[in-house]
Amino acid sequence: MLIDDDEATNFINTEYIEEAQCTDHIQVTNSGQKALNYLTCCEEFACDNSNFPCPDLIFLDINMPAMDGWEFLDKYQKLKKEHQGKVIIIMLTTSLNPDDKIRAGKIPEISGFAIKPLTLELIDEVLREHFNWQLLNARYYRM
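K.L.:
Can you help me understand the environment of Gly85 in this one?
P.N.:
Position of Gly85 among the secondary structure elements: in the loop between helix H4 (81-84) and strand S4 (88-93). Counting along the chain gives 31 residues from Gly85 to Cys54, while the straight-line C-alpha distance between them is 5.3 Å. Once residues lying within four places of it in the same chain are set aside, the contact partners of Gly85 are Cys54 and Tyr76.

Rendered as structure tokens:
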């Protein structure tokens, strides 16, 4: 799942994830609130209430209008466990403020902090570290 208000960034990130061939579905939302709506099947994201969408990985931007990444995390932490799932959250940001990295390190739901842009190398690093996947012939496999 990509949570970023910048359409161009979401397009590029989607291209990299598709090139990595590491998922069957990429959910893109341009705001924290839409991401919460997706996770809880609210509003435009209708689903069977017995099966909530649970992405394996979220790349989360910090600086977004209306609800920034920190506010999203605050609301995410308050979701029911079935809405949270077992998600790896990587803060993917342009912020060079060391306080943001320190703050992220204190939030248990955040598994990593990276500076934009998303790259194939970063995707590979995240998949190896958190999912035990290895890139073989441009396709990921469980080790």
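K.L.:
How should the nonpolar core be read in this particular structure?
P.N.:
Within soluble globular proteins, side chains that are nonpolar tend to cluster in buried spots. In this structure, Ile3, Leu60, Trp70, Phe72, Leu73, Tyr76 and Met91 are the most contacted members of the largest nonpolar core, which totals 23 residues. Broken down by secondary-structure element, the contributors of at least two residues to this core are helix H2 (32-40), strand S3 (57-60), helix H3 (69-77), S4 and strand S5 (110-115). Ignoring sequence-local partners within four residues, the contact set of Phe72 consists of Ile3, Gly32, Ala35, Leu36, Leu39, Leu60 and Met67. Cys22, Ile88, Val126 and Phe131 belong to the second largest nonpolar core, which has 18 residues in total.

K.L.:
Is there a simple way to think about the pairing of S3 in this case?
P.N.:
Look at any regular strand and the pattern is simple: side chains alternate between the two faces of the sheet. Of the two faces of S3, the one carrying Leu57 and Phe59 and the one carrying Ile58 and Leu60 are both buried. In the sheet, strand S1 (residues 2-3) pairs with S3 via two bridges, with the strands oriented parallel. Among the inter-strand pairings, Leu2 is bridged to a residue of S3, identified as Phe59. As defined by bridge partners, S3 adjoins S4 across four bridges and the pair is classed as parallel. Within the sheet, the bridge partner assigned to Ile58 lies in S4 and is Ile89.

Thresholds applied
- Residues numbered from 1 in each chain as written.
- Predicted model: local features only at pLDDT ≥ 70, side-chain atom pairs only at ≥ 80, totals over all residues.
- Heavy atoms only, no water.
- Helix = DSSP H or I, 4+ residues; strand = E, 2+ residues; numbered from the N terminus.
- Contact = heavy atoms within 4.5 Å.
- Core = buried A, V, L, I, M, F, W, Y, C linked by side-chain atoms within 4.5 Å.
- Buried < 20%, exposed > 50% of the residue type's maximum accessible area, 1.4 Å probe, protein only.
- Pairing = 2+ DSSP bridges.

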